[in-house]
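# Breakdown of the fold
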Amino acid sequence: MIVVLQFMAFILALVSTVFLIVATWTDCWMVNADDDLEVSQKCRGLWWECVTNTQDGIRTCDQYDTILAEHPLKIVLTRALMITADILASFALIILVLGLDVIKLLREEPHIKLRICYFAGFIFGLGGIPGMIGSVWYAVDVYVERATLVLKNVYLGMHYEFGWSCWLAMAGSTGCFLASIVLTCCLYIFRDARSSQYNRSIYKYGRTAAGKKYAMDSRV
């Protein structure tokens with residue numbers, strides 16, 4: 001059961017980390033909606049914005065000013081939170097690989113490998129927090145901006161809604177939380193079964209070694 005839980009946690013962790021990294025460096029955090037012309041799709045990301053012509057598929061992108069330039073708080077805060085989530089999730093994934101039972105490192109020390117999994121789960125939980133805060137903050141800000149324009153009867157020709165990059169960030173953060181739960185709570189529940197199995201293997205090995213030694217002494 002421990003191996004199954006580790007495999008589930010690893011898959012969740014790997015997919016979640018990829019989601020967070022892809023979300024951070026893609027350009028569709030905001031996408032235009034209610035476009036009367038319906039000839040182009042405009043996406044805004046954390047680093048640049050792109051316009052895609054729906055008829056011929058031509059895509060043009062404009063990169064934002066240097067990172068040292070002044071940007072809206074929404075952009076700056078989301079950048080910082082997502083980069084932090086990427087770093088924590090990537091670090092936790094590396095730690096988790098070292099704690100898997102299929103890895104030969106520290107195979108004779110199951111308690112240490114279990115603690116490594118606990119630590120990886122804790123880091124994944126920490127990584128999910130800034131990712132979720134950043135993506136939800138961005139989504140709420142987009143919704144509030146659109147609702148404010150509607151309430152003030154201001155029509156700019158198009159409205160924006162949060163795009164697939166924002167959804168991807170939310171999914172990645174949720175996956176980090178799920179991986180953290182599996183690596184901490186679930187592994188903690190089944191830790192006694194693992195310890196008893198390990199003790200039985202040590203006892204069996206000890207009896208086998210003692211039997212072989214007794215047989216050698218008898219022959220002498």
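The shown structure was predicted, so the numbers you read here are calculated from the model rather than taken from an experiment. (Residues numbered from 1 in each chain as written. Predicted model: local features only at pLDDT ≥ 70, side-chain atom pairs only at ≥ 80, totals over all residues. Heavy atoms only, no water.)

## Quick notes on the overall build of the protein
Secondary structure assignment for the protein yields five helices and five strands. For the protein, the sequential pattern of α-helices and β-strands runs α-β-β-β-β-α-α-β-α-α. Taking as baseline every contact in the protein between residues at least 6 positions apart, the subset at least 24 positions apart corresponds to 67%. With the model as given, the accessible surface of the protein reaches about 13300 Å², and the carbon-plus-sulfur share is 68%. (Helix = DSSP H or I, 4+ residues; strand = E, 2+ residues; numbered from the N terminus. Contact = heavy atoms within 4.5 Å. Areas by Shrake-Rupley, 256 points an atom, 1.4 Å probe, with all protein chains shown as cover.)

## Considerations on the confidence of the model for the protein
Mean pLDDT for the protein: 78, with 75% of residues reaching 70 or above. Per-element mean pLDDT across the protein ranges from 47 in helix H5 (residues 191–219) up to 91 in helix H2 (residues 73–99). A low-confidence stretch, residues 195–220 stays under pLDDT 50, and its non-local contacts, those more than four residues away or across chains, total three contacts. (pLDDT = per-residue confidence, 0-100.)

## Considerations on the packing of aromatic side chains
All chains considered together, the criterion is met by three aromatic pairs. Geometrically, the ring pair formed by Trp29 and Tyr138 is edge-to-face, given 5.1 Å between the ring centres and 65 degrees between the ring planes. Of the two residues, Trp29 sits in the loop between helix H1 (2–24) and strand E1 (30–33) while Tyr138 sits in helix H3 (residues 110–151), which places them 109 residues apart along the sequence. Each member of the pair, Trp29 together with Tyr138, is buried. A centroid spacing of 6.4 Å and a plane angle of 90 degrees characterise the contact between Phe91 and Phe119, whose relative ring orientation is edge-to-face. Of the two residues, Phe91 sits in helix H2 while Phe119 sits in helix H3, which places them 28 residues apart along the sequence. (Phe/Tyr/Trp six-rings, centres within 6.5 Å; stacked < 30°, edge-to-face > 60°. Buried < 20%, exposed > 50% of the residue type's maximum accessible area, 1.4 Å probe, protein only.)

## Quick look at the UniProt feature "transmembrane region" (unreviewed entry) in the protein
On the UniProt side, "transmembrane region" (unreviewed entry) is annotated at positions that read residues 7–26, 80–103, 115–140 and 162–190 here. Helix makes up 83% of residues 80–103 and strand 0%, whereas the separation of the span's terminal C-alpha atoms amounts to 34 Å. (UniProt positions renumbered as here; feature names shortened; annotations may be inferred.)

## Some remarks on H1
Taking 1.5 Å as the rise per residue, H1 with 23 residues should run 33 Å; its terminal C-alpha atoms sit 33 Å apart, in good agreement. Turning to H1, its buried residues number three or more, namely Ile2, Leu5, Gln6, Ala9, Ala13, Ser16, Thr17, Leu20, Ala23 and Thr24. (Expected span 1.5 Å × (residues − 1).)

## Considering the pairing of strand E2 (residues 40–44)
One ladder, built from five bridges, connects E2 with strand E3 (residues 48–53); its direction is antiparallel. Along E3, the bridge assignment pairs Lys42 with Val51. Linking two consecutive strands that pair antiparallel, namely E2 and E3, is a turn of three residues. (Pairing = 2+ DSSP bridges.)

## Quick notes on the environment of Ala120
Positionally, Ala120 belongs in helix H3. For Ala120, a relative accessible area of 0% puts it in the buried group. When the C-alpha atoms of Ala120 and Val97 are compared, they prove to be 9.1 Å apart, with 23 residues separating the residues in sequence. Excluding residues that lie within four positions of it along the chain, Ala120 makes contacts with Ala92, Ile95, Leu96 and Leu183.

## Comments concerning the side chain of Ser16
The residue Ser16 is located in helix H1 in this model. Given a relative accessible area of 3%, Ser16 falls into the buried group. Separated by 3.4 Å, the side chain of Ser16 and the backbone nitrogen of Cys176 make a polar contact. Leave out the neighbours within four places in its chain, and Ser16 touches Gly172, Gly175 and Cys176. (Polar contact = N/O pair within 3.5 Å; in protein donor to acceptor, adjacent residues only side chain to side chain.)

## Comments concerning the environment of Val18
With respect to the helices and strands, the residue Val18 is situated in helix H1. Residue classification places Val18 among the partly exposed residues on the basis of a relative accessible area of 39%. Along the primary structure Val18 and Ala89 are separated by 71 residues, whereas in three dimensions their C-alpha atoms are 9.2 Å apart.

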